Amino acid sequence: MTQLGVVGGGTMGAGIAEVAIRAGDDVLVLERDDTAADAARARIEKSLGRGVSKGKISEDDATAALSRLTLTTTVGDFADRELVIEALPEVESLKVGFFAELDKVTAPEAILATNTSSIPIIRIAKDVADPSRVVGVHFFNPVPVMPLVEIISSLASSPQAIETVTVYARDHLGKRTIAAGDRGGFVVNALLIPYLVSAIRMYESGYASKEDIDAGMVNGCAHPMGPLTLSDTVGLDVVLDVAESLYQEFREPHLAPPPLLSRMVEAGYLGKKSGKGFYDYAG
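Here the structure is a predicted model, which is why all the values come from computation and not from measurement.

Description of the nonpolar core
Across soluble globular proteins, nonpolar side chains have a tendency to be buried as a group. Counting 37 residues, the largest nonpolar core has L4, V27, L83, V135, V137 and F139 as the members making the most contacts within it. It is helix α1 (residues 11-22) that contributes the most residues to this core, 7 residues altogether. Not counting the four nearest positions on each side in its chain, L4 is found in contact with A20, D26, V27, L28, R81, L83, I85 and Y168.

Structure (structure tokens):
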């Protein structure tokens, strides 16, 4: 597959588009309006520029990659795409509605993939006429750097669609793929988010300082960063969305988001991307 469509040019969508154009794909990114489309292009250009400055990609290759990138605001332009990867915000109703729209404009043989980090795939596919062509393809942030992609199969996903996207991510994009079943959080977030939520709850209770919580896991467990720093890196809004999704799926009290996490997101303290989270990144 070399005709890729990406829905959403935010952090994740832009990262997916970048690795695909670097791999030689013709990539079409859909955004809601021209302003957002321009921002998505600038995001990808900036990331490629960093790669050039660090010697990870030549300037000629970066220029060639950008020539394979097209932005659009019209979903009908996806009619010729062989694979479409949706990277919208982690809101189930938004994803469900958009997949129903994709179902109308894409070819019947096209594979429709979602980059959801926690929502069961079959829920997203429920309004698609042929849910066998809907799969989960969960990349990790930052996409050009992180090697992992989770491939998630719903009860309805066809083995052929799963095999196709696995080969695409592994052999074409050069990612390390793992297979996951269709339950909330899949593999990584089902393990990671309860850990992050537990650390936030510990800090909220006053049991330990944020610095000591992070230092404990870095120096006592050899983690590259502590859970509160990691939460800031992931984005507190993302942590909240995934925690809420896991709680809805399993109804286990320890998965419920702590009030502090909800208040921080409501205040706009989203972590590194907003300049403030558990730590201050304004400088």
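We are not done yet, so read on.
Side note on the UniProt feature "domain: 3-hydroxyacyl-CoA dehydrogenase C-terminal" (unreviewed entry) in the protein chain
Under the UniProt annotation, the feature "domain: 3-hydroxyacyl-CoA dehydrogenase C-terminal" (unreviewed entry) is placed at residues 185-281. In residues 185-281, helix accounts for 62% and strand for 0%; the two terminal C-alpha atoms are 28 Å from one another.

Here we look at α1
When the terminal C-alpha atoms of α1 are compared, their 17 Å separation across 12 residues agrees well with the 16 Å that a helix rising 1.5 Å per residue should span. Burial runs high along α1: 10 of the 12 residues are buried. Considered for burial, the residues of α1 that qualify are M12, G13, A14, G15, I16, A17, E18, V19, A20 and I21. Among the residues trailing α1, G24 stands out with phi positive, at a value near 105°.

With respect to the UniProt feature "domain: 3-hydroxyacyl-CoA dehydrogenase NAD binding" (unreviewed entry) in the protein chain
This chain's UniProt record puts "domain: 3-hydroxyacyl-CoA dehydrogenase NAD binding" (unreviewed entry) on residues 4-182. Helix makes up 41% of residues 4-182 and strand 22%, with an end-to-end C-alpha separation of 24 Å.

Some points on the sheet that holds strand β8 (residues 176-181)
Within the open sheet, the 8 strands sit side by side as β3-β2-β1-β4-β5-β6-β7-β8. Their pairing is mixed. The open sheet has two edge strands, β3 (69-72) and β8, and neither has a second partner. Taking the axes of each pair of neighbouring strands and ignoring which way they run, one obtains an average angle of 25° across the sheet. Strand direction decides the pairing type here: strand β5 (residues 111-114) and strand β6 (residues 134-139), joined by 3 bridges, are parallel. Considered in β6, the bridge of T114 is made with G136. Lying over the sheet, helix α4 (residues 92-105) contacts β1 (3-7), β2 (26-30), β4 (83-86), β5 and β6, oriented at roughly 165° with respect to β5.

Some details on the pattern of salt bridges
One pass over the structure, following the stated rule, counts 12 salt bridges. Here E249 ties to R123 by a salt bridge, and the two come within 2.9 Å at their closest N and O atoms. Within this pair, whereas E249 is found in helix α10 (residues 236-250), its partner R123 is found in helix α5 (residues 121-124), the two being separated by 126 residues in sequence. Since its relative accessible area comes to 25%, E249 is described here as partly exposed. Overall, R123 belongs to the partly exposed group, its relative accessible area being 28%. Among the salt bridges present, the one from D237 reaches K273, with a minimum N-O distance of 2.9 Å. In this pair, D237 sits in helix α10 while K273 sits in the segment after α11 (259-266), placing the two residues 36 residues apart along the sequence. For K273, a relative accessible area of 52% gives the class exposed. One continuous salt-bridge network, built from bridges that share partners, spans D26, D80 and R81.

Cut-offs applied
- Residues numbered from 1 in each chain as written.
- Predicted model: local features only at pLDDT ≥ 70, side-chain atom pairs only at ≥ 80, totals over all residues.
- Heavy atoms only, no water.
- Core = buried A, V, L, I, M, F, W, Y, C linked by side-chain atoms within 4.5 Å.
- Buried < 20%, exposed > 50% of the residue type's maximum accessible area, 1.4 Å probe, protein only.
- Helix = DSSP H or I, 4+ residues; strand = E, 2+ residues; numbered from the N terminus.
- Contact = heavy atoms within 4.5 Å.
- UniProt positions renumbered as here; feature names shortened; annotations may be inferred.
- Expected span 1.5 Å × (residues − 1).
- Pairing = 2+ DSSP bridges.
- Axes fitted to C-alpha atoms, helices over the stretch in contact; angles between N-to-C directions.
- Salt bridge = Lys/Arg side-chain N within 4 Å of Asp/Glu carboxyl O.

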